[in-house]
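Chains, contacts and geometry: an overview
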Amino acid sequence: MEDPAPESSAATDLVSFAVQLRRMNGEINRLVHAFAAGHELHATDVQALGAILDAQEPMTPGRLRAHLGLTSGAVTACLDRLERAGHIRRSRESQDRRVVHLHYEDSARATARAFFQPLAVATESARTRFSTEELTVVLGFLTALNEELSGLPHPAP
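What counts, and at which threshold
- Counting restarts for each chain, with residues numbered from 1 along the sequence as it is written.
- A pLDDT threshold of at least 70 governs which residues receive local features in this predicted model, and a stricter bar of 80 or more applies before side-chain atom pairs are shown or counted, although totals over entire chains, interfaces and linings include all residues.
- Just so you know, side-chain values use all the structure's heavy atoms and leave hydrogens and water out.
- To form a nonpolar core, buried Ala, Val, Leu, Ile, Met, Phe, Trp, Tyr and Cys residues must be joined to one another through side-chain atoms within 4.5 Å.
- The rule is simple: take the accessible area with a 1.4 Å probe, protein chains only, and divide by the maximum for that residue type; under 20% is buried, over 50% is exposed, in between is partly exposed.
- In this text, helices come from DSSP runs of H or I with a minimum length of four residues, and strands from runs of E with a minimum of two, each type numbered from the N-terminal end.
- Between two residues, a contact is recorded if the distance between any of their heavy atoms is within 4.5 Å.
- Along the chain, pLDDT gives the predictor's confidence residue by residue, from 0 to 100.
- Under the rule applied, a polar contact is a pair of N or O atoms within 3.5 Å (in protein, one hydrogen donor and one hydrogen acceptor; residues adjacent in sequence only if both atoms are side-chain atoms).
- Should DSSP find at least two bridges between two strands, the strands are regarded as paired.
- Any carboxyl oxygen of Asp or Glu within 4 Å of a side-chain nitrogen of Lys or Arg constitutes a salt bridge here.

Counting 22 residues, the largest nonpolar core has L49, I52, L64, L79, L82, I88 and L102 as its most contacted members. Elements that contribute at least two residues to this core include exactly α1 (14–38), α2 (43–54), α3 (61–68), α4 (72–84), β2 (101–104) and α5 (106–115). For this core, the element with the highest residue contribution is α2, accounting for 5 residues. In contact with L49, not counting residues within four places along its chain, are F35, L41, L82, H87, I88 and Y104.

In structure tokens form, the structure reads like this:
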């Protein structure tokens, strides 16, 4: 029986993808750590900010805990730091007053946007090297990869 997957070339084999994804992750982590250090935050706090910013529905501490794979105490400490630093605010906006929603403050969003502007410029510079069709494929791949990764089990905190 013939293997339905085409043969991998050196440019598209799993090892090449792994190397490039690790390099990209390392470069982004370098920027995240610099932002965290410059704002007296932990790298996990910056991950929390990203999760709050990217959430499709209002983020709650419980959903953030599950997303980050942290204990509830660690999430509370993280949210306390972010709130003290003016990056987020907590609110009770639902019918159930026990539910807390997390909101990214506009002033903090502007601060992050200014800091990460070089990342946006680098991304746009890289984008200009590819056609719309190629970028559609790349975006499809990244979306599929993120879906696969989000389905992996989180280790217990």
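With 90% of its residues at a pLDDT of 70 or more, the chain shows a mean pLDDT of 89. α5 is the least confidently modelled element of the chain, averaging 92 in pLDDT, while helix α6 (residues 117–127) averages 96, the highest of any element.

Right, let's get into the side chain of D45. One can find D45 in helix α2. Classification of D45 by relative accessible area gives buried; the value is 0%. Side-chain polar atoms of D45 contact the backbone nitrogen of H42, separated by 2.9 Å. Beyond its immediate sequence surroundings of up to four residues, D45 is in contact with C78, R81 and L82.

This paragraph deals with the pairing of β2. Every second residue of β2 is oriented toward a common face, with H101 and H103 on one face and L102 and Y104 on the other, all of them buried. Where strand β1 (residues 88–91) and β2 come together, 4 bridges link them in antiparallel fashion. Along β2, the bridge assignment pairs R89 with H103.

Okay, the pattern of salt bridges next. For the coordinates displayed, the defined rule picks out 6 salt bridges. Measuring nitrogen to oxygen at the nearest pair gives 2.9 Å for the salt bridge that ties R90 to D80. Of this pair, R90 sits in strand β1 while D80 sits in helix α4; the two residues are 10 residues apart in sequence, bridging distant segments of the chain. Given the relative accessible area of 29%, R90 is considered partly exposed. By relative accessible area, D80 is classed as partly exposed at 28%. Here R90 makes a salt bridge to E83, at a shortest N to O gap of 3.2 Å.

To continue, consider the environment of G151. Among the structural elements, G151 can be located in the segment after α7 (132–150). Note: C-alpha distance between G151 and F17 (134 residues apart in sequence) is 19 Å.

Take unusual backbone geometry next. Note: most peptide bonds trans; most residues except glycine with negative phi. At E40, a position not held by glycine, the phi torsion is positive, near 55°. For E40, the position within the fold is in the loop between α1 and α2. Residue classification places E40 among the exposed positions, given a relative accessible area of 74%.

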